Amino acid sequence: MEFSIFGILAVVLELVRPILLPLALVILVDLVLLARVIGRHQVLNISSGIITAAGLGVLLGIAAALYFPIWTGASLTHLQSGIDYLGVIGAGIGIGIASGMILYPPVQLLMRKTA
């Protein structure tokens with residue numbers, strides 16, 4: 001396969017194709033929970049929910065960045081250039097942001113204002 005944007009997209013599609021349906025279901029459930037959060041925003045402690053979801057996102061992002069090289073059969077000692085480190089750090093940041101956004105509605109629904 002030639003090195004082009006279409007070649008890269010074809011490889012990425014083959015990688016994520018098995019998880020597209022479960023991912024769509026998770027996004028659908030998350031949107032339903034987000035609608036409930038928006039509907040109940042007066043009885044929820046919004047700042048605590050955002051801080052907790054962001055903290056969990058950071059934790060999962062760091063864990064993912066440490067796990068990605070191992071997932072490919074390498075180790076952290078195999079990272080040799082700045083591009084390698086930037087790729088792993090970028091993937092960790094992306095996973096952290098995505099997991100924080102996905103975890104926010106369920107976490108927020110668990111946090112209510114104290115009377």
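It should be emphasised that the depicted structure is a prediction, and the values quoted were computed from it without experimental measurement. (Residues numbered from 1 in each chain as written. Predicted model: local features only at pLDDT ≥ 70, side-chain atom pairs only at ≥ 80, totals over all residues. Heavy atoms only, no water.)

Here helix α3 (residues 46-71) contains 26 residues, and its C-alpha end-to-end distance of 36 Å stays within 8% of the 38 Å for a straight helix at 1.5 Å per residue. Along α3, the helix axis deviates most sharply at Ala-65, where the bend reaches about 25°; the proline Pro-69 sits within four residues downstream. Along α3, the positions that sit buried rather than exposed are Gly-49, Ala-53, Gly-57, Gly-61, Ala-64, Ala-65, Phe-68 and Pro-69. Where α3 is buried, its residues touch α4 (82-110). (Helix = DSSP H or I, 4+ residues; strand = E, 2+ residues; numbered from the N terminus. Expected span 1.5 Å × (residues − 1). Bend = angle between axes of the 7 residues up to and from the residue. Buried < 20%, exposed > 50% of the residue type's maximum accessible area, 1.4 Å probe, protein only. Contact = heavy atoms within 4.5 Å.)

For the rest of this paragraph, the subject is the UniProt feature "transmembrane region" (unreviewed entry) in the protein chain. Residues annotated in UniProt with the feature "transmembrane region" (unreviewed entry) correspond here to residues 19-38, 50-71 and 83-104. For the annotated span residues 19-38, helix accounts for 95% and strand for 0% of the residues, and the straight-line distance between the end C-alpha atoms is 28 Å. Measuring from the first to the last C-alpha atom of residues 50-71 gives 30 Å, for a span that is 100% helix and 0% strand. (UniProt positions renumbered as here; feature names shortened; annotations may be inferred.)

This part covers a nonpolar patch on the surface. Among the surface-exposed residues, Leu-13, Leu-20, Leu-23, Ile-27, Leu-31, Leu-34 and Ile-38 lie close enough to one another that they form a single nonpolar patch of about 600 Å² accessible area. Looking at the nonpolar patch element by element, the count peaks at 6 residues for helix α2 (residues 20-39). Structurally, Leu-31 is set in helix α2. Under the relative-accessibility criterion, Leu-31 is labelled exposed at 53%. (Patch = residues over 30% accessible without salt bridge, like charges linked within 9 Å, V, L, I, M, F, W, Y side chains within 5 Å. Areas by Shrake-Rupley, 256 points an atom, 1.4 Å probe, with all protein chains shown as cover. Salt bridge = Lys/Arg side-chain N within 4 Å of Asp/Glu carboxyl O.)

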